[in-house]
Amino acid sequence: MSILDDIDRRILKELQRDAAMALDALGERVGLSRNACWRRVKALEAAGVIRARVALLDPAKLGLGLTVYLQIRAARHDADWLAQFARATRALPEVQGVYRMSGDLDYLIRAQVVDMADYDRLYQTLIARVPMGDVSASFVMEEIKHTTELPLTHA
């Protein structure tokens, strides 16, 4: 599905805000019948545009009030190190995202933890599983904007 039309974009906009919305309500909002809307959603899923429908949880209400970004410099730059690093980070449920970066650092990790002691436990676990060249961390003091909603103006 290479080109989305206006109806597809409206469906995606609504689903990004509430993936649990009933098909009747979704169809009404985008101007389609329930069945036509269902076919569009299925086509978007089949094309991989919709990867999953999930519930977004409030970390603070689950006791996970500290967001940390870890800046990583690799100990080595080879396929074996990368595979070990990928396995280690994928196995840690606190890790929400891992990104290979350009610039001064090699990888950026976003993690959600209880507090500083929990961060230290995560750090100790990570460095025990994979050798690191350097690790530094920044802690979120205030969340000004956080969204999972993608802009659809270029889709």
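Residues numbered from 1 in each chain as written. Predicted model: local features only at pLDDT ≥ 70, side-chain atom pairs only at ≥ 80, totals over all residues. Heavy atoms only, no water.

Per an unreviewed UniProt entry, the chain goes by Transcriptional regulator, AsnC family and derives from Roseovarius marisflavi.

A. Broad picture of the packing of helix H1 (residues 6-17) against helix H3 (residues 34-46). Where H1 meets H3, the axes come as close as 11 Å, and the angle between the chain directions of the two elements is 80 degrees. Overall, the two elements H1 and H3 adopt an arrangement that is roughly perpendicular. The segment H1 lies against H3, with Ile7, Asp8, Ile11, Leu12 and Leu15 engaging Cys37, Arg40, Val41 and Leu44. In terms of residue class, the contact of H1 with H3 is made up of 7 nonpolar, no polar and 2 charged. (Axes fitted to C-alpha atoms, helices over the stretch in contact; angles between N-to-C directions. Helix = DSSP H or I, 4+ residues; strand = E, 2+ residues; numbered from the N terminus. Parallel < 35°, antiparallel > 145°, perpendicular 65-115°, else oblique. Contact = heavy atoms within 4.5 Å. Nonpolar A, V, L, I, M, F, W, Y, C, P; charged D, E, K, R; others polar.)

B. Expanded view of helix H4 (residues 79-90). Over its 12 residues, H4 runs 16 Å from end to end, which matches the ideal 16 Å to within 8%, given 1.5 Å per residue. Along H4, the residues that are buried comprise Trp81, Phe85, Ala86, Ala88 and Thr89. Taken down its axis, H4 places every buried residue within 165 degrees of arc, on the same side. Facing away from the buried side of H4 by over 90 degrees, the exposed positions are Ala79, Asp80, Arg87 and Arg90. The N-terminus of H4 is capped by Asp78, whose side-chain oxygen sits 3.1 Å from the backbone nitrogen of Asp80. (Expected span 1.5 Å × (residues − 1). Buried < 20%, exposed > 50% of the residue type's maximum accessible area, 1.4 Å probe, protein only. Arc of directions from axis to C-beta. Polar contact = N/O pair within 3.5 Å; in protein donor to acceptor, adjacent residues only side chain to side chain.)

C. Quick look at the pairing of strand E1 (residues 66-74). Of all 9 residues in E1, 7 are buried, a share of seventy percent or more. With 7 bridges connecting them, E1 and strand E3 (residues 107-113) associate as antiparallel partners. Looking at the pairing, Leu70 lines up with Ile109 of E3. Direction of pairing for E1 relative to strand E4 (residues 132-139): antiparallel, over a ladder of 7 bridges. Looking across to E4, one finds that Tyr69 is bridged to Ser138. (Pairing = 2+ DSSP bridges.)

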